[in-house]
Amino acid sequence: MTWLADTRTSYDTVAESYAEFVTDALEKHPHMRAALTLFAAEVDGPAVDVGCGPGNFTAYLGSLGVEAIGIDLSPAMIDLARRAHPGPRFEVGSMTDLPLPDASTAGVLAFWSLIHVPDDDVPVALGHFRRVLRPGGLLVIGYHVGAGTRLKTEGYGGHPMRVHVHLRQPWWLAKRVRAAGFTIEAEWALNPENQVSQAILFARASA
């Protein structure tokens, strides 16, 4: 898939600059930190951070007692994560072909990683999330709220990128999450006054 190759190359290119950009994300965004804390409290078993980037969120979950592993499409991101956070396990992989056994996790976190997946492939990714989750397992998705897609050609540190950023309405994502075999429990709206707002969706894998 062209979008996979473009996304991998883009994040390999900006890996170090991106890591610097998000280094204090949890300090700057208390509601995001609260969502991770709730995720950790509700997950009873191992969890996976899909699209983990430099591993900050994975490591934070580990500090809260979660046996968390991080998976990212970008080998450069995984290298950074392993160096910065020697505790958790980090692996290269794609959410559209998640390299985990069926029913092997109690939680799936996808914080602003589904935003690069085209609409037609979102059900594929959600299907893998459901496949690797145990019944009753928790799925948490952070995403940009809006409509349409924009092509990002310059990224962190001014480096060239070629990634599509997909904005989605809550109803659109909720419909596909339900179709993948989940029950939605809650959704938080973040910075709703901004031109591009964000949201965090919480859902359970159905029995």
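This report concerns the structure included in the present document. (Residues numbered from 1 in each chain as written. Predicted model: local features only at pLDDT ≥ 70, side-chain atom pairs only at ≥ 80, totals over all residues. Heavy atoms only, no water.)

### With respect to the pairing of strand β5 (residues 133-145)
Argument step 1. Among the 13 residues that make up β5, 10 are buried, leaving the element largely enclosed by the rest of the structure.
Argument step 2. When strand β4 (residues 105-111) meets β5, the two strands line up parallel, connected through 6 bridges. If you follow alanine 110 over to β5, its bridge partner there is isoleucine 141.
Argument step 3. Handedness of the crossover joining β4 and β5 through helix α6 (residues 122-132): right-handed.
Argument step 4. Note that β5 and strand β9 (residues 197-205) share 8 bridges and pair antiparallel. Bridging across to β9, glycine 142 finds its partner in isoleucine 200. (Buried < 20%, exposed > 50% of the residue type's maximum accessible area, 1.4 Å probe, protein only. Helix = DSSP H or I, 4+ residues; strand = E, 2+ residues; numbered from the N terminus. Pairing = 2+ DSSP bridges. Right-handed = clockwise from strand over helix to strand, strands pointing away.)

### Section: the sheet that holds strand β2 (residues 68-72)
What links the strands of a sheet is backbone hydrogen bonding, and the strands pair in either a parallel or an antiparallel sense.
Argument step 1. Read across the sheet, 7 strands follow the order β3-β2-β1-β4-β5-β9-β8 without closing on themselves; strand pairing throughout is mixed. If you trace the sheet from one side to the other, it starts and ends with β3 (89-92) and β8 (182-190), each paired once. Neighbour-to-neighbour, the strand axes of this sheet turn through a mean angle of 15 degrees, independent of strand direction. (Axes fitted to C-alpha atoms, helices over the stretch in contact; angles between N-to-C directions.)

### A word on the packing of aromatic side chains
Argument step 1. Taken as a whole, this structure holds 4 aromatic pairs when the rule is applied.
Argument step 2. Judged by centre distance (5.8 Å) and plane angle (90 degrees), the rings of tyrosine 11 and tyrosine 18 are edge-to-face.
Argument step 3. Since its relative accessible area comes to 12%, tyrosine 11 is described here as buried.
Argument step 4. Seen in terms of ring centroids, tryptophan 188 and phenylalanine 202 are 5.0 Å apart; in terms of plane orientation they differ by 55 degrees. Their pairing is tilted. Of the two residues, tryptophan 188 is situated in strand β8 and phenylalanine 202 in strand β9; the sequence distance between them amounts to 14 residues.
Argument step 5. A relative accessible area of 29% places tryptophan 188 in the partly exposed class.
Argument step 6. We classify phenylalanine 202 as buried; its relative accessible area is 4%.
Argument step 7. Across from the ring centre of tryptophan 172, 3.8 Å away, lies the NZ or CZ of arginine 176, which sits over that ring. (Phe/Tyr/Trp six-rings, centres within 6.5 Å; stacked < 30°, edge-to-face > 60°. Lys NZ or Arg CZ within 6 Å of the ring centre and 35° of its normal.)

### Overview of the side chain of serine 10
Argument step 1. By the element assignment, serine 10 lies in helix α1 (residues 2-21).
Argument step 2. When near neighbours in sequence (up to four residues on either side) are disregarded, serine 10 contacts Met161, Arg162 and Val163. (Contact = heavy atoms within 4.5 Å.)

### With respect to the packing of helix α3 (residues 30-42) against helix α4 (residues 56-63)
Argument step 1. Between α3 and α4, the least distance of the axes is 10 Å, while the angle of their chain directions is 50 degrees. One way to sum up the angle between α3 and α4 is to call them oblique. Regarding α3 and α4, the two cross each other, and that crossing is right-handed. Here Met32, Arg33, Leu36, Thr37, Phe39 and Ala40 of α3 lie close against α4, whose contacting residues are Phe57, Tyr60 and Leu61.
Argument step 2. Among the residues forming the contact of α3 with α4, the class breakdown is 7 nonpolar, 1 polar and 1 charged. (Parallel < 35°, antiparallel > 145°, perpendicular 65-115°, else oblique. Left-handed = near helix turned anticlockwise from the far one by under 90°. Nonpolar A, V, L, I, M, F, W, Y, C, P; charged D, E, K, R; others polar.)

### Focus on the packing of α1 against helix α5 (residues 75-84)
Argument step 1. Interaxial distance between α1 and α5 falls to 7 Å at its minimum, and their mutual angle equals 30 degrees. Considering their axes alone, α1 and α5 lie roughly parallel with respect to each other. Mapping the contact onto sequence places Arg8, Tyr11, Asp12, Ala15, Glu16, Tyr18 and Ala19 in α1 and Pro75, Ala76, Met77, Leu80 and Arg83 in α5.
Argument step 2. Along the lines of polarity and charge, the residues of the contact of α1 with α5 split into 8 nonpolar, no polar and 4 charged.

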